[in-house]
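# Breakdown of the fold
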Amino acid sequence: MSSIKSFIMRRIWFSTLTFIILLILNFIIPRAMPGDPARILVNEYQLPMEAVNQLKATFNLDKSIQEQFLAYLRETLLHLNFGYSYRYYPTTVWELLMQRLPWTILLLGVASITTPAFGILLGIISGWRRGKKTDLAITSTSMFIWAIPYFWLAMVLLYLFGYLIPIFPLGHAVTPGVSHQNLFEYVVDVLRHMILPIIAITLTGYASYTLITRNAMIETLMEDYILTAEAKGLPEKKIMLNHAARNALLPTVTMVALRFGFIVSGSIYTETVFSYPGVGLLIYEAITYHDYPVLQAAFFLLSITVILANIIADIVYLIVDPRVKYT
Amino acid sequence: MTKLMLSKILENEIVAALLNNRKGCVGLIIVIFFIFMAVTADIISPYNPWEIVGPPYSPPSSSHPLGLNDIGQDILSELIHGSRVSLIVGFSVAFFGTLIGVTVGLISGYYGGIIDDVITRGIDILLALPSLPLIILLAAYLGPSLFNIIFVLSIMGWGGIARIVRAQTLSLRERAFVESCKAIGMSNFQIIFKVILPNIFPIILAETVLRVTGAILSEAGLSFLGLGDPTKKSWGMMLYYANSRFAIFLGRWEWVFAPGFSIALLGTAFCLIGSALDEIANPKIRRER
């Protein structure tokens, strides 16, 4: 019991440390760049004078670096103040992000279940049929798909199922300009717009889960208890799922958290291709408009999402594997 | 002992060993094909990729097999020239990333103690942050240039290899032959670089080659988001324009297909070589196939 406690404490301490580093990075990066980018926050060319003066005062931009840092901490942590978006002034960065975040959470939430699930399933099959044609097909496809650019696969899917065979909408999260009769219609519309992006994220992200699960399966299949199960005359499917897969899954679970950052990357590209109005598309727009405050806040927000996902994965791991060595 | 022999094989007959492996052979042929393309781009491309040679958005024709882009440049010529950026970024980032990763990993694994704790914690944090948003942020602030892309991808991409090298070094450090090197009075520096490094070289090589694929994909991704070097033709940037100028809705599939397929093909080639090297370095994997 005490070891579980110390494990959790260690993980919380690590997450806190990561968060602190994130805070510091987010402060340093704009200030360490050439050409006085602290001024980026108060860009005279893009914001009206009153906003510039107000930002200078709140963020202590005319004062020493220590005072700037304290102001930055106060504004970021207490007031969630990231300044104004250049493009959408007078909308603040925070308001903008909050408009976009729900869509990204929806996409990420679904994709972070479908991606590992699909990858692990293929890995189990591939490991079970190792050396056979099925295995060869799965592993070689996985390897090719691993080398495919995220956004390209999304574009190909969009071309095939949006343009050539128009069964899915060409983008956005809901049909623009349509007022929905009732909630049900709205949900159906949202789901229809989600399917292609989810398939795109899943297909670009599943491969590493497959390869790891496959290797873990092969290792597990060499264990004596599998031989015992076979000798007992248990049906193949039962051995595959109950005996081999269950144990092979453990190394994969830790990976789910580690790869969550990649799912975030996948969603940035996918949202860009499908004009899906989440944080990823916002990042793309911010790059085009040199909207630095938005870029910075988006990085901050996505990092926090990943840190939280790591904590959740740790808890899941504790539940899944009671033998875990708390190291 | 086997590892020592392997590093000898790798030093002397790396190409021969690769050619004996079917995966390695295919990968090598594809890579050589693209290197040839990059080197002779000025000679073999039918047009200057920057020159406006016809009306914008022209569909494929006999003189322009892939058609023209949104400002009337020949897409096939762009494609041929684009191989340069991918190869340069791929090789440079893999090289510099490996250099940093191996050095950090060796120091961390060999010295242990507080140095190791701090470095390991640092790598954990580096890997815990979502890399793409951080890379985008850095690239956006630094401004779009090939050098900046290589710089950002290199300093962000050494965590994985450092971790592997550290683990290997940690186990090698305890072996008898390292002990005996210490006994005959070799310095730490000599032991790290002359004894330990050659022993983990095969693993490093495989990882480095796999890193090339990662770097090619990252560069393409940054260019696709509009952070690429505007003075160089790259596959990612071709896709950026294809996407922002709605090539898909105009039915211009070849404009989308060609650059993406090239990235995937080159990426797969390095993957194949990497996994072939892995098989050569780890006979255990080889036996299972």
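All residue numbers refer to position in the chain's written sequence, counted from 1. Going through the entries in the order they are written, you letter the chains from A and number the ligands from 1. Local features in this predicted model are restricted to residues whose pLDDT is 70 or higher, and side-chain atom pairs enter the listing and the counts only when it is 80 or higher, whereas totals over whole chains, interfaces and linings include all residues.

By definition, any uninterrupted DSSP run of H or I lasting at least four residues is a helix, any uninterrupted run of E lasting at least two residues is a strand, and each is numbered from the N terminus. Secondary structure assignment for chain B yields 13 helices and zero strands. Ordered by position in the sequence, the α and β elements of chain B form the string α-α-α-α-α-α-α-α-α-α-α-α-α. Across its three principal directions, the C-alpha atoms of chain B cover 75 × 45 × 30 Å. By the burial criterion, 47% of the 289 residues in chain B qualify as buried. Placing a C-beta atom from the backbone of each residue, one calls two residues in contact when those atoms lie within 7 Å. Here the contacts in chain B between residues at least 6 apart in sequence split such that 71% fall between residues at least 24 apart. Burial in this document is a count-based property: other C-beta atoms within 10 Å of a residue's C-beta are tallied, and the residue is buried at 20 or more, exposed at 12 or fewer, or partly exposed in between, with C-beta positions derived from the backbone.

Broken down by element type, chain A carries 13 helices and zero strands. Going from the N terminus to the C terminus, chain A shows its helices and strands as α-α-α-α-α-α-α-α-α-α-α-α-α. Across its three principal axes, chain A shows a C-alpha extent of roughly 80 × 55 × 40 Å. Within chain A, buried positions represent 38% of all 327 residues.

Moving on to the interface of chain A and chain B. Every contact between the two is made by 47 residues of chain A and, on the other side, 38 residues of chain B. Counting only elements with at least two residues in the side of chain A that touches chain B, the list comes to α1 (2–32), α5 (133–146), α6 (150–164), α11 (260–274), α12 (279–288) and α13 (292–320) of chain A. If you tally residues by element for the side of chain A that touches chain B, the top one is α13(A), at 10 residues. Throughout, the ten residues Ala, Val, Leu, Ile, Met, Phe, Trp, Tyr, Cys and Pro are labelled nonpolar, Asp, Glu, Lys and Arg are labelled charged, and all others, Gly among them, are labelled polar. Within the side of chain A that touches chain B, the residues separate by chemical class into 37 nonpolar, nine polar and one charged.

All names here are of chain A. With a phi close to 50°, Leu80 is a non-glycine residue in the positive phi region. Topologically, Leu80 is positioned in the loop between α3 (65–78) and α4 (93–128). Look at Ser275: it is not a glycine, yet its phi comes out positive at around 45°. As for its position among the elements, Ser275 is in the loop between α11 and α12.

Bringing the packing of α4(A) against helix α7 (residues 183–205) of chain A into the picture now. Residue and element names in this part refer to chain A. Only the stretch in contact is used when a helix axis is fitted, and all axes are lines through C-alpha atoms; the angle between N-to-C directions ranges over 0 to 180 degrees. Between α4 and α7, the least distance of the axes is 9 Å, while the angle of their chain directions is 45°. As far as their axial angle goes, α7 and α4 are oblique. Of the two elements, α4 crosses α7, and the hand of that crossing is right-handed. Residues Leu107, Val110, Ala111, Thr114, Thr115 and Phe118 of α4 form the contact with α7, whose participating residues are Met194, Pro197, Ile198, Ile201, Thr202 and Gly205. Our angle categories are set so that under 35 degrees counts as roughly parallel, over 145 as roughly antiparallel, 65 to 115 as roughly perpendicular, and the remainder as oblique. Take the far helix as your reference; a near helix turned counterclockwise from it by less than a right angle gives a left-handed crossing, and one turned clockwise gives a right-handed crossing.

Residues and elements named next belong to chain A. Looking at where Phe161 falls in the secondary structure, it is placed in helix α6. Remark: the alpha-carbon pair of Phe161 and Pro30, spanning 131 residues in sequence, is separated by 41 Å. In this view, Phe161 contacts Ile167, Phe168 and Leu196; residues no more than four positions away in its chain are not counted.

Residues and elements named next belong to chain A. The residue Tyr72 is located in helix α3 in this model. Each C-alpha atom of the pair Tyr72 and Phe82 lies 8.9 Å from the other, and the pair is 10 residues apart in sequence. In contact with Tyr72, not counting residues within four places along its chain, are Phe27 and Phe59.

This next bit is on the packing of helix α4 (residues 75–111) of chain B against helix α8 (residues 159–173) of chain B. All names here are of chain B. Remark: α4 packs on α8, axes separated minimally by 7 Å, with the N-to-C direction vectors making an angle of 35°. The interaxial crossing formed by α4 with α8 has right-handed handedness. From α4, Gly97, Thr98, Gly101, Val102, Val104, Gly105, Leu106, Ser108, Gly109 and Tyr110 reach across to α8, where they touch Ile161, Ala162, Arg163, Ile164, Val165, Arg166, Ala167, Thr169, Leu170 and Arg173. Its residues assigned to classes, the contact of α4 with α8 shows 10 nonpolar, seven polar and three charged.

Let's shift gears to the confidence of the model for chain B. Note: pLDDT gives the predictor's confidence per residue, expressed from 0 to 100. In the predicted model, chain B carries a mean pLDDT of 87, and 93% of its residues have values of at least 70. Mean pLDDT across the elements of chain B ranges from a minimum in helix α13 (residues 283–288) of chain B, with 51, to a maximum in α4(B), with 94.

Glancing now at the confidence of the model for chain A. Residues at a pLDDT of 70 or more form 91% of chain A, whose mean pLDDT is 83. Per-element averaging of pLDDT across chain A places helix α10 (residues 236–258) of chain A at the bottom with 77 and α12(A) at the top with 91.

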